[in-house]
Amino acid sequence: MGQTKPLEAKDEDMEKRALGRTGIEVSVVGIGGEGFEGKSLSACEEIIDRAFAGGINFIDVYNSNPIMRSNVGRALSHYPRESFVVEGHIGSAWKDGQYFRTRDMDVCRASFQDLLERMQLDYVDVGMIHYVDEREDFDAVFNGELLKYAQELKASGAIRCIGLSTHNTDIAIAAARTGIVDVILFSANPAYDMIPATDDVNSLFSEETYDRDFTGIDAGREELYRLCETEGVAITVMKALGAGMLLDEARSPFGAALTPAQCIHYCLTRPAVASVPVGLASIEQVDAALAYADATDEERDYSEVIAGGPRSSIEGDCMYCGHCAPCTSGIDIAQVNKFVDLALPQGFVPDTLRDHYLLLDHRASECVECGACEPNCPFGVGIIDKMRVAADLFE
């Protein structure tokens, strides 16, 4: 695949939007970096070639995995640099075979330079300050060296604009008000938008949160969308599908499943939203994402499902975001959780799933129950209990 000339992108197949006040044009559906994890170079090339041929030009790379960065970089090298837009993260790093978030400036600088070098880029379009969910962290970032570094990168041309990623509505609003942040990567979907803003992210997913009458989008989130639209701050969306939760009738808080097209369209109907990057781990998933461009109004319409209203808590549902890392025992917690969630609804463990689990470098039984991972989880997952379940299931 590496020697094959890629298909030329057909812009008319996918709507483009301006990335807020930056003026950068991005496809309304983008590629989320999680789909490239564990993929070979040829698989990365196939995914990018198919996506770009369908008019996608936007890719979010939060990943710090050096092999993944190199593979994606080589796949992108087939294309003129001006033909695609990259959202690259500052503060996402790699150590001892694991992702971790950092505010150590030496590590931040080295990791971002590694991103540029491995992805064969002279610049990234959006320098995304990575994963700011707490006010204390926000204040430290904006009153410290990390913001200065981002501004230095912008002044030097290594990034074209500054972004910030968060799951917390209050932090997103604060970022939009700085006048410095041009793009916010925000956790949004129909379920999250009905949850009130709070500094305690875990409380967003508690049973009590849903025990009330829902009359539409939470006022805080409405404020965020309005503020970003007014200020020209673009929103790019993560968790649009709720890691598959919204696609599963049994797990959906609306009591009915949404389709990918409905989830994507919901997000794209929010003010200030420019693009919805989704994890694309296979050609089939690429084609499903590209199908949004040709979906009818009826296929995109999510109103009937949303009208049913949330019916249950999503506390404890892993979104496979990886913020639990690094694990002191080296366990890939998000991947283990995904295997558990795939197995439990089936009532048995398929041999192929057990084989994938057994290929992991570290298994759930190696968990020492130190608890270091749980405070990092934005979704309140009981990770220690989940590791016990995994060990029982697969070992």
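Residues numbered from 1 in each chain as written. Predicted model: local features only at pLDDT ≥ 70, side-chain atom pairs only at ≥ 80, totals over all residues. Heavy atoms only, no water.

Asks: Looking at this structure, how should I read a negative patch on the surface?
Replies: Residues Asp297, Glu298, Glu299, Asp301 and Glu304 make up a contiguous surface patch of negative charge. Among the elements that line the negative patch, the one with the most residues is helix 11 (residues 297-300), at 3 residues. Positionally, glutamate 298 belongs in helix 11. Glutamate 298 sits in the exposed class, given a relative accessible area of 62%. (Patch = residues over 30% accessible without salt bridge, like charges linked within 9 Å, V, L, I, M, F, W, Y side chains within 5 Å. Areas by Shrake-Rupley, 256 points an atom, 1.4 Å probe, with all protein chains shown as cover. Salt bridge = Lys/Arg side-chain N within 4 Å of Asp/Glu carboxyl O. Lys, Arg positive; Asp, Glu negative; His and termini not counted. Charge placed at Lys NZ, Arg CZ, Asp CG, Glu CD. Helix = DSSP H or I, 4+ residues; strand = E, 2+ residues; numbered from the N terminus. Buried < 20%, exposed > 50% of the residue type's maximum accessible area, 1.4 Å probe, protein only.)

Asks: Would you explain the packing of aromatic side chains in this entry?
Replies: Both the distance between ring centres and the angle between the ring planes are used here to describe each pair of aromatic rings. Counted under the stated rule, the structure contains 6 aromatic pairs. Aromatic pair tyrosine 266 and tyrosine 302: ring centres 5.0 Å apart, planes at 75 degrees, arrangement edge-to-face. You can see tyrosine 266 sitting in helix 9 (residues 260-268) and its partner tyrosine 302 sitting in the loop between helix 11 and helix 12 (303-306), a full 36 residues away along the chain. The exposure classification of tyrosine 266 matches that of tyrosine 302, with both residues buried. Ring plane angle 20 degrees and centroid distance 4.6 Å describe the contact between tyrosine 357 and phenylalanine 394, whose orientation is recorded as stacked. With tyrosine 357 in helix 14 (residues 351-358) and phenylalanine 394 in helix 15 (residues 383-394), this residue pair connects regions lying 37 residues apart in the sequence. Accessibility classification places tyrosine 357 together with phenylalanine 394 in one group, the buried group. The aromatic ring of tyrosine 123 is capped on one face by arginine 81, whose charged end is 4.1 Å from the ring centroid. The residue whose ring lies beneath arginine 300 is tyrosine 292, and the NZ or CZ to ring-centre distance is 4.0 Å. (Phe/Tyr/Trp six-rings, centres within 6.5 Å; stacked < 30°, edge-to-face > 60°. Lys NZ or Arg CZ within 6 Å of the ring centre and 35° of its normal.)

Asks: When you look at the pattern of salt bridges in this model, what are you seeing that I'm missing?
Replies: A side chain of one charge can pair with a side chain of the opposite charge when the charged atoms of the two come close. Tallying each qualifying case throughout the model produces 17 salt bridges. Close ionic contact of aspartate 287 with arginine 50 constitutes a salt bridge, the shortest N to O distance being 2.9 Å. Here aspartate 287, found in helix 10 (residues 283-290), pairs with arginine 50, found in helix 1 (residues 41-53); they are 237 residues apart in sequence, far enough to count as distant. Of the charged contacts, one joins aspartate 182 and lysine 154 as a salt bridge, the two residues approaching to 3.8 Å between their closest N and O atoms. Of this pair, aspartate 182 sits in the loop between helix 6 (169-177) and strand 10 (183-187) while lysine 154 sits in helix 5 (residues 145-156), and the two are 28 residues apart along the sequence. Taking the relative accessible area as the measure of exposure, lysine 154 reaches 38% and is therefore partly exposed.

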